[in-house]
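If you want the building blocks of each chain, they are given just below.
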Amino acid sequence: MVLRSVFALYQQVPNILSRVAVMMKPQVVFVLGGPGAGKGTQCTKITENYSYTHLSAGDLLRGERAREGSEFGQLIDRHIKEGVIVPVEITINLLRKAMEETMKADEKKFRFLIDGFPRNEDNLQGWSRVMDDKANVKFVLFFDCSNEVCIDRCLERGQHSGRTDDNRESLQKRIQVYLQSTRPIIDQYEKQGMVRTVDASHKVDEVFADVKAIFDKEG
């Protein structure tokens, strides 16, 4: 009798664990770095090797801009072309919706890489206001790379990407926005001991070796 009960409980463990995963808050890693630092490339490699879902704030905004009937399409388009940051309410709504849909579709997917967010103090305050009790930020993955390398990479990418912001004029604006708005956010997290820095100036596989060491340790 006892053995049957133990065996029945053992069979229920996977279902119990799955229900726990559903109830868990999303576990988030913010991925920051200048334009062209390789955030998207490295996020792809992370998702191939670890149980994370990659959410790019920029891709979500570009997708919303292209969505037929979007009430925010023109506003997003104008901000992206001018190299300035889109209002935080729009970005957070898109991120929250993407996380909810991912977890609803697969209850085991509750770990997220949020790439390109928070980009300024307004983003950070908006996240704290809306998401602090809904998600846990594990750490910040910072891809550190010189402005020159970032610009060269973006110009090369722009030859094939079709992105309207991969041109020298937009890039210089984006670099300035990054230095003035995003670097102070990274510094804030650094003071809290939450930043994991990677030298992103190397080749893709060399950079990922450093990234892998971080995720093997942090989980």
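The structure this text deals with has already been given above.
Below you will find a few notes about this structure. All values reported here derive from a predicted model rather than from experimental measurement.

**Observations regarding the overall build of the chain**
Here comes step 1: Secondary structure summary: the chain contains nine helices and five strands in total.
Here comes step 2: Written out in order from the N terminus, the α and β elements of the chain read α-β-α-β-α-α-α-β-α-β-α-α-β-α.
Here comes step 3: Look at the contacts in the chain between residues 6 or more apart in sequence, and 77% of them connect residues 24 or more apart.

**Some points on the pattern of salt bridges**
Here comes step 1: The tally for this structure, following the rule as stated, stands at eight salt bridges.
Here comes step 2: When the shortest N-O distance is used, the salt bridge between R65 and D77 registers 3.1 Å. Taken together, the residues span a long stretch of sequence, with R65 in helix α3 (residues 57-66) and D77 in helix α4 (residues 73-82) at a distance of twelve residues.
Here comes step 3: Residue R65 is classed as partly exposed on the basis of its relative accessible area, which comes to 22%.
Here comes step 4: A salt bridge links D133 to K134; the shortest N-O distance between them is 3.5 Å.
Here comes step 5: On the basis of relative accessible area, D133 is assigned to the exposed category, the value being 51%.
Here comes step 6: Because the salt bridges share partners, they merge into one network encompassing R65, D77 and K81.

**Examining the environment of V88**
Here comes step 1: With respect to the element layout, V88 can be found in helix α5 (residues 88-105).
Here comes step 2: Accessibility expressed as a relative area gives 1% for V88, which makes it buried.
Here comes step 3: Between the C-alpha atoms of V88 and G126, which are 38 residues apart in sequence, the distance is 6.3 Å.
Here comes step 4: Excluding its chain neighbours within four sequence positions, the residues that come into contact with V88 are F117, D122, N123, G126 and R129.

**Points about the nonpolar core**
Within soluble globular proteins, side chains that are nonpolar tend to cluster in buried spots.
Here comes step 1: Membership of the largest hydrophobic core comes to 27 residues, with the highest contact counts inside it found for V28, F30, M99, I114, F117, W127 and Y189.
Here comes step 2: Looking at this core, the elements that each hand over two or more residues are β1 (27-33), α5, β3 (111-115), α6 (121-131), β4 (136-144) and α8 (168-191).
Here comes step 3: Ignoring sequence-local partners within four residues, the contact set of W127 consists of V28, F30, I92, M99, I114, F117, D132, A135 and V137.
Here comes step 4: Listed in part, the 24 residues of the second largest apolar core include L113, F143, L171 and F208.

**Points about the sheet that holds β1**
Here comes step 1: Pairing in this open sheet of five strands is parallel, and the strands run β2-β3-β1-β4-β5 from one edge to the other. Edge positions in the sheet fall to β2 (53-56) and β5 (195-199), since each of these pairs with one other strand and no more. Between one strand axis and the next, the sheet turns through 25° on average, direction left out of account.
Here comes step 2: Inspection of the sheet shows β4 paired to β5 by five bridges, in the parallel sense. Paired with F142 across the bridge in β5 is T197.
Here comes step 3: Packed onto the sheet, α3 meets β2 and β3 and runs at close to 60° relative to β2.
Here comes step 4: α5 rests against β1, β2 and β3 of the sheet, and its axis sits at about 155° to β3.

The rules behind these values
- Every residue gets a number counted from 1 within its own chain, in the order that chain's sequence is written.
- Totals for whole chains, interfaces and linings use every residue, but because this is a predicted model, local features are given only for residues with pLDDT of at least 70 and side-chain atom pairs only at 80 or more, for both listing and counting.
- Only hydrogens and water are set aside; all other atoms, that is, all heavy atoms of the structure, feed into the side-chain values.
- Runs of H or I in DSSP of at least four residues are treated as helices and runs of E of at least two as strands, each being numbered from the N terminus.
- Contacts were defined at the residue level, with two residues in contact if any of their heavy atoms lie within 4.5 Å.
- Any Lys or Arg side-chain nitrogen located within 4 Å of an Asp or Glu carboxyl oxygen qualifies as a salt bridge.
- Classification of residues uses two cut-offs on accessible area relative to the type maximum, computed with a 1.4 Å probe and protein chains only: under 20% is buried, over 50% is exposed, and between them is partly exposed.
- In these notes, a set of buried Ala, Val, Leu, Ile, Met, Phe, Trp, Tyr and Cys residues joined through side-chain atoms within 4.5 Å is what counts as a nonpolar core.
- A pair of strands is treated as paired once DSSP finds two or more bridges between them.
- Convention adopted: a line fitted to C-alpha atoms gives each axis, helices being fitted over their contacting stretch, and angles between N-to-C directions are expressed from 0 to 180 degrees.

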